[in-house]
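Structural characterization, general
One-letter residues, chain by chain:
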Amino acid sequence: MRAYNERLVLSLVYGHGNLAKSDIARMTGLSAQTVSVIMRALEAEDLIVRGKPVRGKVGQPSVPMSINPDGAYFIGLKVGRRSAELILLDFLGEPKSTLRVSYPWPVPEQIIDFVRGGLQSMTGALAPELRDRVAGFGIAAPFQLWNWTEQADAPREEMDKWRDVDLRAMIAQLCEFPVYLQNDATAACSAELVFGRHQGLRDFLYFYIGTFVGGGVVLNGSVYSGRSGNAGAIGPLPVIGPEGKPVQLIERASIMTLERMIRARNLDPSPLWNSPEHWSGFEDLATEWIRVVARGLAHAIVSASAVIDFEQAIIDGGLPAGIRDRIVEETRREAAGFDLQGLVLPAILPGTIGPLARSLGAASLPLFDKYLIDRNMLLGES
């Protein structure tokens, strides 16, 4: 019970920014004495810090308590089809350092070498007294990478190496803290839920446009990962393709499609992967691609809305913010052209995390496993 109550208090302080003991007692129903004991324990572990007393009311001054940014650190790894990324977060979810490597396709040995060097660099950059505060390592990676050989234009023998790889176990041998694994798009969805700037999200469909499009589902304020951890994968969803024939959304709303368009013009597609915040040199192709993406996403949103009454559909990705916003606007226009009789179209919104969403989501896995509880409680709801 003590462990649960400590998580409860940490979750409330985390979600509200700072809270006094009296606020926590009121929200949780715990006695003032119990809250005081918990707060002293959390403060002794340097997980929370005292603010300046607030005076002006009858009785003792109120002392707000807030999360100590240096209370814990978390490392996240994103394994993508074209690039990998490592990120170090503090206890408030602020990135402290980021490393990225690009490749034509992912190879297990290269990923392990990248992680080995990155771990040494990131932990070595921390002050000595903070290095033992790294609480966990999260991995966000596509499930069954070997199934995407053709779409990734990769050699079959290279991608088949992933069939016998336990990435979590291999990385666990490189570090002394717990290692977690989640589907990459689900991790990105978690990052939007936890760290995103949209307020009060409870039921939404999430799209992440990467090398291949993926997604996630949030119900009642929590990510729904499903029986196999692949709920909301989105990519295989049938949509209308060329000449009115059905194709998978992955063929219409993925950056891989734009890369192929660029290569067909004998242009260099490397800015797509090396500089996800800035694309230049193929603006006309990007405009054409945006229209294709929007048609696919609109179809997916309308179809999904017939199954679950989502409040929002959020679109993000490893692409420049301006491109993302154009996709959102074009998707709204395309969705409005469908026959919506009997449906309530969700609000179509831009994501607020961007290219870091998958690595942020990976790093949040140990944060929630070790310190916080359900998102509904984080929001202070009962």
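Everything numeric in this text was worked out from a predicted model, so none of it was measured.

Observations regarding the sheet that holds strand E4 (residues 73-79)
What holds strands together in a sheet is hydrogen bonding between their backbones, with the strands either parallel or antiparallel. Strand order in the open sheet formed by 5 strands is E6-E5-E4-E7-E8, with mixed pairing between adjacent strands. Because the sheet does not close on itself, it has two edges, and the strands there are strand E6 (95-102) and strand E8 (179-183). Averaged over all adjacent pairs, the angle separating strand axes in this sheet is 15°, with direction ignored. For E4 and strand E7 (residues 134-141), the ladder comprises 6 bridges, and the chain directions are parallel.

Some details on the packing of helix H7 (residues 184-195) against helix H12 (residues 357-370)
Where H7 meets H12, the axes come as close as 7 Å, and the angle between the chain directions of the two elements is 75°. Between H7 and H12, the angle is such that the two are roughly perpendicular. Between H7 and H12, the contacting residues are Asp184, Ala187, Ala188, Ser190, Ala191, Val194 and Phe195 on the first element and Ala357, Arg358, Leu360, Gly361, Ala362, Ser364, Leu367 and Phe368 on the second. When grouped by side-chain class, the residues that make up the contact of H7 with H12 number 10 nonpolar, 3 polar and 2 charged.

So, unusual backbone geometry
A positive phi angle is found at Ile234, which is not glycine, with a value near 70°. Looking at the element boundaries, Ile234 is found in the loop between strand E11 (222-224) and strand E12 (238-240).

Here's the deal with the pairing of strand E14 (residues 312-317)
Strand residues, when the strand is regular, have side chains that alternate between the two faces of the sheet. Most of E14 sits out of view: 6 of its 6 residues are buried. Here E14 shows a buried face lined by Gln312, Ile314 and Asp316 and a second buried face lined by Ala313, Ile315 and Gly317. As defined by bridge partners, E14 adjoins strand E15 (residues 347-350) across 4 bridges and the pair is classed as parallel. Across the sheet, the residue bridging to Gln312 is Ala347, located in E15.

What to know about the packing of aromatic side chains
What describes a pair of aromatic rings is the distance from one ring centre to the other and the angle between the planes of the rings. Scanning the model with the defined rule gives 6 aromatic pairs in all. Pairing Phe74 with Tyr371 gives two aromatic rings, centres 6.1 Å apart and planes at 75°, and the pair type is edge-to-face. Note that Phe74 is positioned in strand E4 and Tyr371 in the loop between H12 and helix H13 (375-378), a separation of 297 residues in sequence. Accessibility classification places Phe74 together with Tyr371 in one group, the buried group. In textbook terms, an aromatic cluster arises when at least three aromatic residues are bridged by ring pairs, as seen for Tyr14, Phe74, Phe91 and Tyr371.

A few points about the side chain of Gln182
Within the secondary structure layout, Gln182 lies in strand E8. Gln182 has contacts with Ile139, Ala140, Ala141, Phe143, Ala187, Ser190 and Leu365, leaving out every residue within four places of it along the chain.

Quick word on the confidence of the model for the protein
Per-residue confidence for the protein averages 90 on the pLDDT scale, and 95% of its residues sit at or above 70. Mean pLDDT across the elements of the protein bottoms out in H13 (46) and peaks in E15 (98). Every residue in residues 376-382 scores below 50 in pLDDT, and together they form 16 contacts with partners more than four places removed in sequence or on other chains.

Quick notes on the nonpolar core
Counting 44 residues, the largest nonpolar core has Leu10, Phe74, Phe91, Phe195, Phe204, Tyr206 and Tyr371 as the members making the most contacts within it. Elements that contribute at least two residues to this core include exactly helix H1 (2-16), helix H2 (21-28), helix H3 (32-44), strand E3 (65-67), strand E5 (83-89), H7, strand E9 (204-209) and H12. Discounting chain neighbours no more than four positions away, the residues touching Phe204 are Cys189, Leu193, Gly216, Val217, Val218, Phe310, Gln312 and Ile314. Membership of the second largest hydrophobic core comes to 36 residues, among which are Val213, Leu249, Leu258 and Met261.

Notes on the environment of Ser270
Along the chain, the position of Ser270 falls in the loop between helix H8 (255-264) and helix H9 (271-274). Each C-alpha atom, one on Ser270 and one on Pro104, is 9.6 Å from the other, the two residues being 166 residues apart in sequence. Of note is the side chain of Ser270, whose polar atom sits 2.7 Å from the side chain of Asp268.

Considerations on helix H4 (residues 108-125)
Here H4 contains 18 residues, and its C-alpha end-to-end distance of 26 Å stays within 8% of the 26 Å for a straight helix at 1.5 Å per residue. All of the buried residues along H4 are Pro108, Ile111, Ile112, Phe114, Val115, Gly118, Leu119 and Met122. For H4, the angular spread of buried residues about the axis comes to 155°, placing them on one side. Lining the buried residues of H4 we find E4, E5, E6, E7 and helix H6 (167-172).

Side note on the environment of Leu201
With respect to the helices, strands and loops of the structure, Leu201 is situated in the loop between H7 and E9. Separated by 59 residues in sequence, Leu201 and Pro142 have C-alpha atoms that sit 25 Å apart. Beyond its immediate stretch of four places on either side in the chain, Leu201 contacts Leu193, Gly221, Gln312 and Ile314.

Conventions we followed
Every chain's residues receive numbers from 1 upward, in the order its sequence appears when written. A pLDDT threshold of at least 70 governs which residues receive local features in this predicted model, and a stricter bar of 80 or more applies before side-chain atom pairs are shown or counted, although totals over entire chains, interfaces and linings include all residues. Values shown for side chains rest on all heavy atoms present in the structure; no hydrogens or waters enter the calculation. The rule for pairing is simple: two strands pair if DSSP sees at least two bridges between them. For helices the rule is a DSSP run of H or I covering at least 4 residues; for strands it is a run of E covering at least 2, with both sets numbered from the N terminus onward. Axes, fitted as lines to C-alpha atoms, cover a helix only where it is in contact. Angles between the N-to-C directions of the axes lie from 0 to 180 degrees. Angles below 35 degrees are treated as roughly parallel, those above 145 as roughly antiparallel, those between 65 and 115 as roughly perpendicular, and all remaining angles as oblique. In this description, contact between two residues means that some pair of their heavy atoms is separated by no more than 4.5 Å. Note on residue classes: Ala, Val, Leu, Ile, Met, Phe, Trp, Tyr, Cys and Pro are nonpolar, Asp, Glu, Lys and Arg are charged, and everything else, Gly too, is polar. Residue burial is assigned from relative accessible area. The probe radius is 1.4 Å, only protein chains are included, and a residue is buried under 20% of its type maximum, exposed over 50%, and partly exposed in between. Two rings from Phe, Tyr or Trp (for Trp, the six-membered ring) form a pair when their centres are within 6.5 Å of each other. A pair whose planes differ by under 30 degrees is stacked, one over 60 is edge-to-face, and the rest are tilted. Residue-level confidence of the predictor, termed pLDDT, takes values from 0 up to 100. Grouping buried Ala, Val, Leu, Ile, Met, Phe, Trp, Tyr and Cys residues that are joined through side-chain atoms within 4.5 Å yields what is termed a nonpolar core. What qualifies as a polar contact is a pair of N or O atoms within 3.5 Å, subject to a donor-acceptor requirement within protein and to the restriction that residues adjacent in sequence count only when both atoms come from side chains. For a helix, the expected span equals 1.5 Å multiplied by the residue count minus one. Note: the arc covers the axis-to-C-beta directions of the helix.

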